[in-house]
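Report on the structure
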Amino acid sequence: MPPTIRRAVIPAAGLGSRLLPLTKATPKEMLPVGDKPVIEHTVRELVTSGITDITIVVSGGKSLIQDHFRPNPALVDQLRADGKTAYADAVEEVAELAHRGHITYLDQHGPYGNGTPVLNAARNVGDEPMLVLWPDDVFVAEVPRAQQLIRAYETTNCPVLALMPIDRTDAHRYGVPVVKEDLDGGLLRITGLVEKPKPEDAPSTYAAIGGYVVTPAIIDELREQTSRWYEHRTGEVYLTDAINAYANSRAVYGQVISGRWYDTGNPADYLVAQMASALAHPEYGPVLRRLARQLDSDERPEAGTTA
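About the thresholds
- Residues numbered from 1 in each chain as written.
- Predicted model: local features only at pLDDT ≥ 70, side-chain atom pairs only at ≥ 80, totals over all residues.
- Heavy atoms only, no water.
- Helix = DSSP H or I, 4+ residues; strand = E, 2+ residues; numbered from the N terminus.
- Rg over C-alpha atoms; globule rule 2.2 N^0.38 Å.
- Buried < 20%, exposed > 50% of the residue type's maximum accessible area, 1.4 Å probe, protein only.
- Contact = heavy atoms within 4.5 Å.
- Lys, Arg positive; Asp, Glu negative; His and termini not counted.
- Charge placed at Lys NZ, Arg CZ, Asp CG, Glu CD.
- Expected span 1.5 Å × (residues − 1).
- Pairing = 2+ DSSP bridges.
- Phe/Tyr/Trp six-rings, centres within 6.5 Å; stacked < 30°, edge-to-face > 60°.
- Core = buried A, V, L, I, M, F, W, Y, C linked by side-chain atoms within 4.5 Å.
- Salt bridge = Lys/Arg side-chain N within 4 Å of Asp/Glu carboxyl O.

Before going further, it helps to examine the overall build of the protein. Within the protein one finds ten helices and 13 strands. Taken over the C-alpha trace, the protein has a radius of gyration of 21 Å; the compact-globule value for 307 residues is 19 Å, and the two agree within 12%. The dimensions of the protein, computed from C-alpha atoms along their principal axes, are 65 × 60 × 45 Å. Residues classed as buried in the protein amount to 45% of the 307 residues present. Relative to all contacts within the protein whose residues are 6 or more apart in sequence, the contacts with residues 24 or more apart total 74%. In the protein, 30 side chains carry a positive charge and 40 a negative one; their mean positions are 1 Å apart.

An α-helix turns once every 3.6 residues. As a result, residues three or four positions apart point the same way. Taking 1.5 Å of rise per residue, the twelve residues of helix H6 (residues 145-156) would be expected to cover 16 Å, and the 17 Å separating its terminal C-alpha atoms lies within 8% of that figure. Burial in H6 covers these residues: Arg 145, Ala 146, Gln 148, Leu 149, Ile 150, Ala 152, Tyr 153 and Thr 156.

Burial along strand E6 (residues 130-133) is two-sided: Met 130 and Val 132 facing one way and Leu 131 and Leu 133 facing the other are all buried. In this sheet, E6 lies alongside strand E1 (residues 7-12) in parallel orientation, the contact comprising three bridges. Across the sheet, Val 9 pairs through a bridge with Val 132, a residue of E6. As paired elements, E6 and strand E11 (residues 206-214) share four bridges and run antiparallel to each other. Across the sheet, Val 132 pairs through a bridge with Tyr 212, a residue of E11.

Glancing now at unusual backbone geometry. Here the residue pair Leu 20 and Pro 21 is connected by a cis peptide bond, since its omega of 5 degrees sits within 30 degrees of zero. At His 102, a position not held by glycine, the phi torsion is positive, near 45 degrees. In this structure, His 102 sits in the loop between helix H4 (85-101) and strand E5 (103-107). We classify His 102 as partly exposed; its relative accessible area is 44%. Positive phi values are uncommon outside glycine, yet Lys 196 reaches one of about 50 degrees. Here Lys 196 lies in the loop between strand E10 (187-195) and E11. Overall, Lys 196 belongs to the exposed group, its relative accessible area being 55%.

All told, the structure shown has four aromatic pairs when counted by the stated rule. Their ring planes at 85 degrees and their centres at 5.0 Å tell us that Trp 229 and Tyr 230 sit as a pair that is edge-to-face. Look at Trp 229 and you get buried, because its relative accessible area is 15%. Residue Tyr 230 is classed as partly exposed on the basis of its relative accessible area, which comes to 41%. Cluster of aromatic residues (ring-pair linked, three or more members): Phe 139, Tyr 174 and Trp 261.

Moving on: the nonpolar core. Core analysis: the largest hydrophobic core is formed by 43 residues, its most contacted members being Leu 46, Ile 54, Ile 56, Phe 69 and Leu 131. Considering each element in turn, this core owes the most residues, five residues, to H6. Those residues within four positions of Phe 69 in sequence are excluded, and the remaining contacts are Ile 39, Glu 40, Val 43, Val 94, Ala 95, Leu 97, Ala 98, Ile 103 and Tyr 105. Counting residues in each nonpolar core, the second largest holds 29 residues, with Val 118, Trp 134, Val 252 and Val 256 among its members.

On to helix H5 (residues 115-122), then. Across the eight residues that make up H5, a large majority, eight, are buried. Every buried residue of H5 is listed here: Gly 115, Thr 116, Pro 117, Val 118, Leu 119, Asn 120, Ala 121 and Ala 122.

Take the side chain of Asn 120 next. By the element assignment, Asn 120 lies in helix H5. Judged by relative accessible area, which is 6%, Asn 120 ranks as buried. Aside from chain neighbours lying at most four places away, what touches Asn 120 is Val 57, Leu 106, Asp 107, Gln 108 and His 109.

The topology assignment puts Thr 23 in the loop between E1 and strand E2 (32-33). You can call Thr 23 buried: its relative accessible area is 7%. When neighbours within four sequence positions are excluded, Thr 23 is seen to be in contact with Leu 15, Gly 16, Lys 28 and Leu 31.

Within E11, eight of the nine residues are buried, which leaves it mostly tucked inside the rest of the structure. With five bridges joining them, strand E8 (residues 160-165) and E11 adopt antiparallel strand pairing. Paired with Val 160 across the bridge in E11 is Val 213.

Looking now at the pattern of salt bridges. For the structure on display, the rule yields 16 salt bridges. One salt bridge connects Glu 29 with Lys 62, and the closest N-O pair in it is separated by 2.8 Å. Here the residue Glu 29 occupies a position in the loop between E1 and E2, and Lys 62 occupies one in the loop between strand E4 (53-58) and helix H2 (63-69), the gap between them amounting to 33 residues. Across the salt bridge formed by Arg 173 and Asp 269, the nearest N and O atoms sit 3.9 Å from each other.

And the structure:
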């Protein structure tokens, strides 16, 4: 059977202000996690999940993203001439990944807010559902997060949000869903999201974590929001607002994602993602563990002294 979802959008127009000055000249999407820029992790997840049309919505100063995925025959030829076959193969494989995902690029136009790049990309999608994944998330899972979301959509034929369990004390950091029904297998019927509630006001112990199946009706809600913005020129256009408006009268679901989520959008979480990736690597992991043991040993008081 053909895939139920063929298309995806990656909004990559943000400034990366929480990572300045690191992102002054380098797009946050191109910061490395392991031996790949973070956006490549997202593209690989989508291609592995059967997505064949990926739109990356960009802004000025993001040409490095296109350069990374663009074929570079001259570099490949030079590497092969130098006997560096493995490096040449790696460069070619990234270009082939982009070809398999049929990556296209759009410049972002419209009001501020994460709903705008989704609406920009929807003009090329037509009357189809599509995945929306942020480019500063890395998921490590036996079944890719995108594939888990697609399966949930195939079950419900409705918009789907990626969710994860959280401690209630962390609710103020996330959009927290209002859960109406637990359908087992991590699939939840939800009636909306509460943005960054106080712990005592959190409607559940789950958080929305930046993965969506967006249907044409959600796009219609985004168009309505954008039209109102142009009338009043206040506020921002957010995808979650469109989902909440839709959920007032129609079904929306959340899928609790099996796997581990790493955010790279702020310095502390970015370092955690880097460390986790390195520790999982068969070559780099042992080196870092030896370093950690050495540093731990150096910090211990010498025999006969008091800490």
